Amino acid sequence: MNSKSQVMKKLFLELLLCILGCLGMKGYAQQNDTFNPKEHAVIKPERSDGRYLSSRGVLHGMLKGIRPRYAFRPDMTTEELKKWQVELREAMREIMCFPVVADQPAPKKIGEVQREGYRVEKWEAYPLQECVVPYLVLIPDGVDKDHPAPTVLCIPGSGETKETSAGEPELNPKFAEEEPQERWIIALPYVKEGCVAVVVDNAGAGELSDLEGYTIAPAYRYDAVARYLLELGWSYLGYNAFIHKYVLDWVKEQPIVNQKRIVICGFSLGTESLMVMGVLDPDIYAFVYNDFLCRTLERAIVMTEPDKNGIRPFPNSIRHLIPRFWCNFDFPDIVASLAPRPVLFTEGGLDRDLNLVRKAYEIAGRPENVEIHFYPKYAAPQDRKMLGIDSLPEGINRKTYFDLVNVDDPMHDIKAALMIPWIQKYLK
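Cut-offs applied
Residues numbered from 1 in each chain as written. Predicted model: local features only at pLDDT ≥ 70, side-chain atom pairs only at ≥ 80, totals over all residues. Heavy atoms only, no water. pLDDT = per-residue confidence, 0-100. Contact = heavy atoms within 4.5 Å. Core = buried A, V, L, I, M, F, W, Y, C linked by side-chain atoms within 4.5 Å. Buried < 20%, exposed > 50% of the residue type's maximum accessible area, 1.4 Å probe, protein only. Helix = DSSP H or I, 4+ residues; strand = E, 2+ residues; numbered from the N terminus. Salt bridge = Lys/Arg side-chain N within 4 Å of Asp/Glu carboxyl O. Expected span 1.5 Å × (residues − 1). Patch = residues over 30% accessible without salt bridge, like charges linked within 9 Å, V, L, I, M, F, W, Y side chains within 5 Å. Areas by Shrake-Rupley, 256 points an atom, 1.4 Å probe, with all protein chains shown as cover. Pairing = 2+ DSSP bridges. 1 Å grid on protein atoms, 1.4 Å probe; cavity = no way out; pocket = protein on both sides within 12 Å on 5 of 7 lines; lining within 4 Å. Points joined across faces, edges and corners; volume = space filled by probe spheres on them. Nonpolar A, V, L, I, M, F, W, Y, C, P; charged D, E, K, R; others polar. Phe/Tyr/Trp six-rings, centres within 6.5 Å; stacked < 30°, edge-to-face > 60°. Lys NZ or Arg CZ within 6 Å of the ring centre and 35° of its normal.

1. Focus: the confidence of the model for the protein
Okay, so step 1: Taken over all residues, the pLDDT of the protein has a mean of 92, while the share at 70 or more is 92%.
Okay, so step 2: The model gives residues 23-31 a pLDDT under 50, and that stretch makes one contact with residues more than four places away or in other chains.

Here you go:
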């Protein structure tokens with residue numbers, strides 16, 4: 001075959017492939033034209049015997065059948081509440097899989113800078129053989145071993161670094177949030193009220209990230225970290241809470257710290273570490289929960305409305321995946337188990353879930369130790385959704401879910417104006 005014939009044959013094959021491709025895309029488009037997402041929003045059995053053919057449906061049915069072993073019961077007596085708290089703590093300890101590590105070097109200070117009214121120290125901890133965990137310590141002027149102060153461990157959200165949270169310059173300009181830094185500063189309100197603030201990064205963020213500082217920061221590839229942790233039999237939350245607890249244990253040994261006034265303040269992703277440490281360490285005095293409270297199992301069950309391509313929403317990424325978590329408890333149960341220690345909520349949630357926490361504190365004899373604020377949009381009870389409901393409707397999308405649970409997503413940030421009066425009430 002001559003070269004001209006070869007060229008013609010090649011062109012013919014390319015044209016044929018192009019035509020077939022177009023036909024395939026046309027078929028795909030026609031298929032989508034006949035698909036109505038609303039008709040499939042609620043996952044239902046396809047058979048009269050109540051069984052599912054769809055594997056996704058099978059899992060949906062299994063999720064609906066879960067009854068967490070350590071769910072809080074509003075009819076508990078005071079003694080039953082105490083027994084339940086101990087049992088929940090043991091279950092949390094088991095699923096967090098904290099390793100026992102010995103003979104690691106003590107944390108050391110690697111830098112210090114003076115600011116107006118306080119100094120910032122940078123420290124490193126070494127929780128594992130392979131691991132370095134930097135953190136910042138903000139110390140008000142006048143605080144020393146003879147004048148110890150209340151101390152707050154501050155844990156940022158998923159897009160913020162310890163530097164952002166401390167009001168310090170970013171180590172890498174790419175780590176900076178696009179919006180004003182003031183929205184994400186956690187530590188300074190405490191420091192200005194005379195408290196020591198210790199600020200950490202989340203695993204995989206800021207200094208603890210991989211190549212994101214060259215590319216996509218302040219977004220971080222948490223799912224890659226979470227995937228390998230799961231392969232190791234651990235979880236993202238287990239590892240994240242482990243390194244934060246390691247820093248917390250160091251905090252408890254410092255002579256400048258008032259040991260009876262140690263607080264955890266978490267924002268967004270940081271509230272998950274807050275809950276784990278709060279359960280595992282009864283010595284923690286109080287908590288600031290900078291997020292809305294929700295039932296994550298319910299979120300997975302009700303958020304099932306597919307998009308135009310038939311893809312149902314994913315309730316949350318695998319960085320939130322902890323094997324056997326839902327079999328044991330959910331977020332409202334965990335926060336309820338913190339009673340009677342003071343807790344401040346800054347972004348509300350469903351009254352149904354918050355009322356469980358209120359009830360636990362009532363049983364524990366300290367109902368005044370729960371302080372709850374909602375997003376301004378939902379501050380008035382008449383503006384809140386789903387009052388008096390037992391469960392959310394199935395078959396909703398992410399936007400509808402947030403609307404129903406009283407979340408004003410653009411206003412999700414640090415609520416310093418709420419934190420300061422609370423600090424003055426509980427930490428002075």
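2. Comments concerning the nonpolar core
Okay, so step 1: Within the largest apolar cluster, 97 residues are counted, with the highest numbers of intra-cluster contacts made by Phe72, Tyr135, Ile264, Phe329, Phe345 and Tyr401.
Okay, so step 2: Beyond its immediate stretch of four places on either side in the chain, Phe72 contacts Leu81, Trp84, Asp333, Ala336, Leu356, Lys359, Ala360 and Ile363.
Okay, so step 3: In terms of nonpolar packing, the next biggest core, distinct from the first, is built from 30 residues, Leu138, Tyr190, Ile423 and Tyr426 among them.

3. Regarding the environment of Gly194
Okay, so step 1: Considering the arrangement of structural elements, one finds Gly194 in the loop between helix H5 (188-192) and strand S5 (196-200).
Okay, so step 2: A relative accessible area of 30% means that Gly194 is categorised as partly exposed.
Okay, so step 3: For the pair formed by Gly194 and Ile396, sequence separation is 202 residues and the distance between their alpha carbons is 46 Å.
Okay, so step 4: Setting aside residues up to four positions removed in sequence, Gly194 forms contacts with Pro140, Val143 and Ala149.

4. Observations regarding the pattern of salt bridges
Okay, so step 1: Using the criterion set out here, one finds 34 salt bridges in the structure.
Okay, so step 2: The salt bridge partner of Lys83 is Glu87, with a shortest N-O separation of 2.5 Å. A residue pair is termed a helical-turn pair when its members lie 3 or 4 positions apart in one helix, as Lys83 and Glu87 do in helix H3 (residues 78-96) at four residues.
Okay, so step 3: Linking Glu94 and Arg324 is a salt bridge whose minimum nitrogen-to-oxygen distance equals 3.3 Å. You can see Glu94 sitting in helix H3 and its partner Arg324 sitting in the loop between helix H9 (296-302) and helix H10 (325-328), a full 230 residues away along the chain.
Okay, so step 4: Assessed through its relative accessible area of 42%, Arg324 is described here as partly exposed.
Okay, so step 5: In the salt-bridge network here, residues are joined through shared partners; they are Lys122, Lys162, Glu163, Asp201 and Glu207.

5. Let's talk about helix H7 (residues 236-251)
Okay, so step 1: In a regular helix each residue adds 1.5 Å, so 16 residues correspond to 22 Å; H7 covers 23 Å between its end C-alpha atoms and thus fits that length.
Okay, so step 2: Along H7, 14 of the 16 residues are buried, which leaves the element largely enclosed by surrounding structure.

6. Here we look at the side chain of Glu163
Okay, so step 1: As for its placement among the helices and strands, Glu163 is situated in helix H4 (residues 162-166).
Okay, so step 2: Residues in contact with Glu163, not counting those within four places in the same chain, are Leu136, Glu168, Pro169, Glu170, Leu171, Gln181 and Glu207.

7. Some details on a nonpolar patch on the surface
Okay, so step 1: Nonpolar side chains collect at one region of the surface, where Val58, Leu59 and Met62 lie side by side and expose about 280 Å² of accessible area between them.
Okay, so step 2: With respect to the helices and strands, Val58 occurs in helix H2 (residues 55-64).

8. Comments concerning the pairing of strand S3 (residues 133-140)
Okay, so step 1: In terms of burial, S3 is largely enclosed, as eight of its eight residues are buried.
Okay, so step 2: Burial of the side chains of S3 extends over both faces: Val133, Tyr135, Val137 and Ile139 are buried on one face and Pro134, Leu136, Leu138 and Pro140 on the other.
Okay, so step 3: By the bridge criterion, eight bridges tie strand S2 (residues 118-125) to S3 in an arrangement that is antiparallel. Paired with Arg119 across the two strands is Ile139, which belongs to S3.
Okay, so step 4: Relative to S5, S3 runs antiparallel, the two being bridged by four bridges. Looking at S5, one finds that Leu138 is bridged to Ala197.

9. Considerations on the pairing of S5
Okay, so step 1: Burial runs high along S5: five of the five residues are buried.
Okay, so step 2: Side chains Val196, Val198 and Val200 of S5 all project onto a buried face; the interleaved residues Ala197 and Val199 project onto the opposite face, where all are buried too.
Okay, so step 3: Strand direction decides the pairing type here: strand S4 (residues 149-155) and S5, joined by four bridges, are parallel. What sits directly across from Val152, in S5, is Ala197.

10. Structural notes on the layout of surface pockets
Okay, so step 1: Considering only enclosed or pocket space, the second largest pocket measures out at about 590 Å³ in volume.
Okay, so step 2: If you go around the second largest pocket, you meet 22 residues; those closest to its centre are Ile66, Pro68, Arg295, Leu297 and Glu298.
Okay, so step 3: Looking at the lining of the second largest pocket, the elements that each hand over two or more residues are H2, H9, helix H11 (331-336) and helix H12 (351-363).
Okay, so step 4: Broken down by class, the residue content of the lining of the second largest pocket amounts to 12 nonpolar, one polar and nine charged.

11. Brief notes about the packing of aromatic side chains
Okay, so step 1: For the structure shown, the criterion picks out 16 aromatic pairs.
Okay, so step 2: Ring centres 6.0 Å apart and planes at 80° place the aromatic pair Phe292 and Phe402 in the edge-to-face group. Pair noted here: Phe292 is in the loop between strand S7 (286-290) and H9 and Phe402 is in helix H13 (residues 398-404), with a separation of 110 residues, a long-range link. In this structure, Phe292 and Phe402 share a single accessibility class: buried.
Okay, so step 3: Pairing Tyr401 with Phe402 gives two aromatic rings, centres 5.8 Å apart and planes at 65°, and the pair type is edge-to-face.
Okay, so step 4: Note on Tyr401: relative accessible area 1%, which makes it buried.
Okay, so step 5: Here the aromatic residues Phe98, Trp234, Tyr239 and Phe242 are joined through ring pairs into a cluster of three or more.
Okay, so step 6: Above the face of the Tyr285 ring, Arg261 is positioned so that its terminal group lies 4.1 Å from the ring centre.
Okay, so step 7: Sitting over the ring of Phe374, Arg384 keeps its end group 3.7 Å from the ring centre.

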